[in-house]
Amino acid sequence: MPFIDGPSGPLECLVNGSGDPVTMFAHGFAGSISETRPFGSGVVGLRVFFHFRGHGESGDGPAPWNYASLAADVACVATTYEVNRGVGVSIGAGALLRAALERPAFERLVLVLPPAVDRPRTGRAVDRVESMAQRADEGDVEGLTELLLNEQPADVRDRRVVQMWARGQAQRLVTPPLREVIRRVPAEHPVEDRTALKAVACPVLLIGQEGDEAHPSSVVHELAEALPDARMQIFSAGGVLWNHRGEVRQLISGFLND
């Protein structure tokens, strides 16, 4: 896969398709290009997938790990490939939202499972990350895999694709770059003041799911109120990643291809 010069080291990219529009896909924390590719199914034009700093083969430079840094990665990819649309998942959604405030050239955005707006996460989301961090510090891939599986709806845990996803996440979480920043995740939030989101004039599709403590559906409602042109869809527990994957892909492609 090609690399581009990022703000804190090389960024690994995967490009397919051709023509306009040009859509970028930003993964979540401990995510990967392979996990965001299904969200591009059916999306016309050029599709640009990339790994954030510290993920995949992308570099891990000295810049601090926060939404400002992740938004800088987004901006770099967007400028290099003349991106005009974006899809972000979890922390990737937050980074894309932050970048949209600084780069108003986006014509459409899709934010999947946004984790926060302008306040740190609290409650079990923090406890969850601390449990993950302890296992990551110990290099406990099996323990991390079990923890991640137990957070998925009971009716999907035995599926091979879910088990493979959990193990892949666990293997990435024990790598030094991610192990060093995992405890910072709950304290991070994309914007300092949600009123600034009035400046994001482009249409935004918000996708959430119930029963997800790491990505509360309440955040989708908050963003829908803060953004000038937003529509939202909230699925049942496990719906976005597992039970309604085809519907999610159709929703995204329909919105971006409109």
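Caption draft 1: Geometry of the sheet that holds strand 2 (residues 9-17). Here we have eight strands laid out as an open sheet, ordered 1-2-4-3-5-6-7-8, and mixed in their pairing. What marks the edges here is a single partner per strand, and that holds for strand 1 (3-6) and strand 8 (230-235). When strand polarity is set aside, the average angle formed by the axes of neighbouring strands in this sheet is 20 degrees. As judged from the four bridges shared by strand 3 (residues 22-26) and strand 5 (residues 85-89), these two strands associate in the parallel manner. Residue T23 lies in a different strand from strand 5, and its bridge partner there is R85.

Caption draft 2: How the structure looks around the pattern of salt bridges. Counting across every chain of the model gives twelve salt bridges. A salt bridge links R98 to E102, with the nearest nitrogen and oxygen atoms 3.4 Å apart. With R98 and E102 both in helix 3 (residues 91-102) and four residues apart, the pair spans about one turn of that helix. Connected through salt bridges with shared partners, the residues D118, R119, R194 and E222 form a single ionic network.

Caption draft 3: Looking closely at helix 8 (residues 217-226). S217, V219, V220, L223 and A226 are the residues of helix 8 that are buried. Packed against the buried residues of helix 8 are helix 3, strand 6 (108-112), strand 7 (204-209) and strand 8.

Caption draft 4: Here's a closer look at the pairing of strand 5. Within strand 5, five of the five residues are buried, which leaves the element mostly enclosed by the surrounding structure. Where burial is concerned, the two faces of strand 5 agree: the one with R85, V87 and V89 and the one with G86 and G88 are both buried. Two elements, strand 5 and strand 6, share five bridges in a ladder whose sense is parallel. From the neighbouring strand, V89 faces strand 6, where its bridge partner is V112. Regarding topology, helix 3 serves as the crossover connection from strand 5 to the parallel strand 6, and that connection is right-handed.

Caption draft 5: Representation of the packing of aromatic side chains in the model. Applying the stated rule across the entire model yields four aromatic pairs. Seen in terms of ring centroids, F29 and W65 are 5.5 Å apart; in terms of plane orientation they differ by 75 degrees. Their pairing is edge-to-face. Taken as a pair, F29 in the loop between strand 3 and helix 1 (33-36) and W65 in the loop between strand 4 (46-50) and helix 2 (67-81) lie far apart in primary sequence, 36 residues in all. Between R108 and the ring centre of F255, over which it is positioned, the NZ or CZ distance is 4.8 Å.

Caption draft 6: Broad picture of the nonpolar core. Grouped together as the largest cluster of nonpolar side chains are 65 residues, with contacts concentrated most on M24, F29, V74, F106, L197 and L223. The contact partners of F29, leaving out residues within four places of it in the chain, are H55, W65, I91, Q169, L173, L178, V181, I182 and V185. In this structure, V89, V112, L113 and F235 belong to the second largest nonpolar core, which totals 19 residues.

Caption draft 7: Representation of helix 2 in the model. The end-to-end C-alpha distance of helix 2 is 21 Å, a good match for the 21 Å that 15 residues give at a rise of 1.5 Å each. Buried within helix 2 we find Y67, S69, L70, A71, D73, V74, C76, V77, A78 and Y81. Where helix 2 is buried, its residues meet strand 1, strand 2, strand 3, strand 4 and helix 3. Of the residues that open helix 2, the one with a side-chain oxygen 3.2 Å from the backbone nitrogen of A68 is N66. Following helix 2 by one or two positions, E82 has its phi on the positive side, about 55 degrees.

Caption draft 8: The arrangement of the environment of V126 in detail. On the secondary structure map, V126 appears in helix 4 (residues 124-137). Sequence spacing of V126 and R184 is 58 residues, and the spatial spacing of their C-alpha atoms is 9.7 Å. With residues up to four places along the chain from it excluded, the contact list for V126 reads R121 and P186.

Caption draft 9: Quick look at the pairing of strand 8. Of the strand pairs in this sheet, strand 7 and strand 8 are connected by six bridges, and their pairing is parallel. Following the sheet pairing, I207 is matched in strand 8 by Q233. The handedness of the strand 7 to strand 8 crossover, carried by helix 8, is right-handed.

Reading guide: rules and limits
- Residues numbered from 1 in each chain as written.
- Predicted model: local features only at pLDDT ≥ 70, side-chain atom pairs only at ≥ 80, totals over all residues.
- Heavy atoms only, no water.
- Pairing = 2+ DSSP bridges.
- Helix = DSSP H or I, 4+ residues; strand = E, 2+ residues; numbered from the N terminus.
- Axes fitted to C-alpha atoms, helices over the stretch in contact; angles between N-to-C directions.
- Salt bridge = Lys/Arg side-chain N within 4 Å of Asp/Glu carboxyl O.
- Buried < 20%, exposed > 50% of the residue type's maximum accessible area, 1.4 Å probe, protein only.
- Contact = heavy atoms within 4.5 Å.
- Right-handed = clockwise from strand over helix to strand, strands pointing away.
- Phe/Tyr/Trp six-rings, centres within 6.5 Å; stacked < 30°, edge-to-face > 60°.
- Lys NZ or Arg CZ within 6 Å of the ring centre and 35° of its normal.
- Core = buried A, V, L, I, M, F, W, Y, C linked by side-chain atoms within 4.5 Å.
- Expected span 1.5 Å × (residues − 1).
- Polar contact = N/O pair within 3.5 Å; in protein donor to acceptor, adjacent residues only side chain to side chain.

Note that every value here comes from positions in space, so none of it alone points to a role or purpose.
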